[in-house]
Amino acid sequence: MFRAPPAIEAWNDRELNRYNNSSGSQYPARVASTESLVANTSYVEIFAINPSTVVHNGSQTTQYVRPNGTVRTIGAYNGSALGCANKTETDSCIIESASVNAVGLYANGTRQDTATSPTAELQYRNLTGPTTLTVRLSLSVTVNQTADSGESNTTTYNRTLRDSRQVTAYEVTASDATVSLANHRNSTGVSLTVPNLWRSVAFETGDVVYSRWRFYTRSPPGWAQWNTSSGTNVSSTQRVRPLQVHAIPARRGPLANLDQHSLAADAQFFEVGDDYERIQRDFVVSYRKGPEANKAPLPVDVRLNQSATHTRTERFALRANDTHPLSAYRSPAVHSIVRGDTTESRLSTSAVVDAYPANMSATVVNRTTNGTTLAVTVRSTRGYPVDFGNVTVTALNSTRTHTLGPGERGTFTITIPERGLDQVVLTYQPKYYWWEQGNPVVSNVVATERTTTVEWLGSSVPQFTDILDLVVVTVLWFLPLGLLLYGFDVWTNGRLLGIYSA
């Protein structure tokens, strides 16, 4: 259901061929028939716009089309009860000819294409934004009107029929999609900013991210009842009907490779810290939620699973293991909600950053009755000091947070109101994520989140207990050695060390 909008062009072409091969004048029952008018059952309508997708946003719908596409028209011009102007009861009217002058396609009043048949395929080009597409059928009907006196009069009537649709031209372009890459320690990170109406993003590796649209096809209203006219008899006939592609947002967030379990909702993937290498999945997607909206109402005969609410996102990030090189993610193909609309966004090498988990260490610089002061150092695994973000220090029942500044060069002191500490937990949370636009990158290296446990805290300043322990250890090491040497000196009668004398 998430893969691609269905192709309906073949269906619509078949329906129009069936219409063209039918006898008599067929027209929808909603077309007005007034005997006082010339060519009273003539009509023209837009049968289909290809390619297009009707997108549901709550109770609102918008038909999106590609800037270049086609309009299929349907129509008839040989009515069943032609009339004459100023006709009296004794006058007779005979149709000498009925012809189509032209069928034209107009976009916001500007002509795009013309044809000579009411059932035509018309081309349009370079549409932008909201557009009114209109088809105009110009008819010429020549009627010979004869009175009882034998006097005849030939008159040509011109009539223009119209039908319009409101559409919005939409196209994804390379400038709409931006890509950032990062080298993780054992994986590749990719961040994309894509248009709101994106459907999928495919990479050279074969991996695909889907935006969770569900598609279905349905005929527009008003095509159920049809009439046919032949002479003065009007009867029902087999109807023809077009199909349209509809899209509804189905659930929350994007989906990787159609694998429900590979989704990391609400950017949880970027909160797992040092678990990058411990995640066994090859391809994990994370996203930040956008505004929530209620599900779209569906026709009673359309049954699709929907969440009560949904959210669309224009930014998502993914993690891939190191099976594929970084270059395989440089040129993703972005597909829009309209079938066949795609673009390739090429990444420049200057946008690549190295993202490494932060390495953290802590040593004791002072112990008092009120607490323990620690010196904490934060550096990326490449050795660069970390200048942005927050470090949280947790020990026993106390938690303290420090905001790193560029002037600290990744080193700061912090006091924990606990005595006798031998273990602390350090957690680094970056101020800027590598996938965020405008991230201040130092030497193209950024730190990612991480949690580190430091056990058996060392001290940079010797404490009294440390000195006492050193004395005890020294005595215990050298006392046996001194006794041994003294014993040898006694045994040699003072000749070894010259200390003993008989």
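Since the structure is predicted, the reported quantities are computational estimates derived from the model, not experimental observations. (Residues numbered from 1 in each chain as written. Predicted model: local features only at pLDDT ≥ 70, side-chain atom pairs only at ≥ 80, totals over all residues. Heavy atoms only, no water.)

A. Region of interest: the overall build of the protein. From N to C terminus, the protein includes two helices and 33 strands. The buried share of the protein, taken over its 502 residues, is 46%. If you take every contact in the protein between residues at least 6 apart in sequence, the share linking residues at least 24 apart comes to 68%. In the form shown here, the protein has an accessible surface area of approximately 25,200 Å², with 48% of it arising from carbon and sulfur atoms. (Helix = DSSP H or I, 4+ residues; strand = E, 2+ residues; numbered from the N terminus. Buried < 20%, exposed > 50% of the residue type's maximum accessible area, 1.4 Å probe, protein only. Contact = heavy atoms within 4.5 Å. Areas by Shrake-Rupley, 256 points an atom, 1.4 Å probe, with all protein chains shown as cover.)

B. Local environment of unusual backbone geometry. With omega at -15 degrees, the peptide bond leading from Asn-50 into Pro-51 counts as cis. As for its placement among the helices and strands, Pro-51 is situated in strand S2 (residues 43-57). Residue Asn-108 is not a glycine yet carries a positive backbone phi of 50 degrees. With respect to the helices and strands, the residue Asn-108 is situated in the loop between strand S4 (92-107) and strand S5 (110-115). One non-glycine residue, Arg-409, lies in positive phi territory at about 55 degrees. Residue position: Arg-409 is located in the loop between strand S28 (398-403) and strand S29 (411-416). The exposure class of Arg-409 is partly exposed, given its relative accessible area of 45%.

C. Representation of the nonpolar core within the structure. Membership of the largest hydrophobic core comes to 21 residues, with the highest contact counts inside it found for Ile-49, Val-71, Tyr-124 and Leu-133. Among the secondary structure elements, those contributing two or more residues to this core are S2, strand S3 (60-76), S4, strand S6 (121-124), strand S7 (129-146) and strand S8 (152-169). Counting 20 residues, the second largest nonpolar core, distinct from the first, contains Ala-362, Val-364, Leu-374 and Val-393. (Core = buried A, V, L, I, M, F, W, Y, C linked by side-chain atoms within 4.5 Å.)

D. Quick peek at the sheet that holds S28. With antiparallel pairing, four strands are arranged side by side in an open sheet as S28-S27-S30-S32. If you trace the sheet from one side to the other, it starts and ends with S28 and strand S32 (450-455), each paired once. When strand polarity is set aside, the average angle formed by the axes of neighbouring strands in this sheet is 20 degrees. Bridge count between strand S27 (residues 390-395) and S28: six bridges; the pairing is antiparallel. The residue bridging Ala-395 from the neighbouring strand is Ser-398, located in S28. (Pairing = 2+ DSSP bridges. Axes fitted to C-alpha atoms, helices over the stretch in contact; angles between N-to-C directions.)

E. Spotlight on the packing of aromatic side chains. Across all of its chains, the model carries four aromatic pairs by this definition. The rings of Tyr-19, Phe-47, Trp-223 and Trp-226 are connected pair by pair, giving a single aromatic cluster. The ring of Trp-11 carries Arg-14 above its face, with NZ or CZ at 4.3 Å from the centroid. Sitting over the ring of Tyr-106, Arg-136 keeps its end group 4.0 Å from the ring centre. (Phe/Tyr/Trp six-rings, centres within 6.5 Å; stacked < 30°, edge-to-face > 60°. Lys NZ or Arg CZ within 6 Å of the ring centre and 35° of its normal.)

F. Representation of helix H1 (residues 9-20) within the structure. Between its first and last C-alpha, H1 extends 17 Å over 12 residues, near the 16 Å set by a 1.5 Å rise per residue. Three or more residues of H1 are buried, namely Asn-12, Glu-15, Leu-16 and Tyr-19. Buried residues of H1, viewed axially, fall in a sector of 95 degrees; they line one side. (Expected span 1.5 Å × (residues − 1). Arc of directions from axis to C-beta.)

G. A look at the environment of Asp-148. Among the secondary structure elements, Asp-148 is positioned in the loop between S7 and S8. Given the relative accessible area of 58%, Asp-148 is considered exposed. It is 8.5 Å that separates the C-alpha atoms of Asp-148 and Ser-92, two residues lying 56 residues apart in sequence.

H. Looking closely at the pairing of strand S11 (residues 198-202). When you tally the buried positions in S11, you get four out of five residues, the bulk of the element. With three bridges joining them, S11 and strand S12 (residues 208-210) adopt antiparallel strand pairing. Bridge pairing in S12 places Val-201 opposite Val-209. The hairpin formed by S11 and S12 contains five residues between the paired strands, and Gly-206 there has a positive phi angle of roughly 95 degrees.

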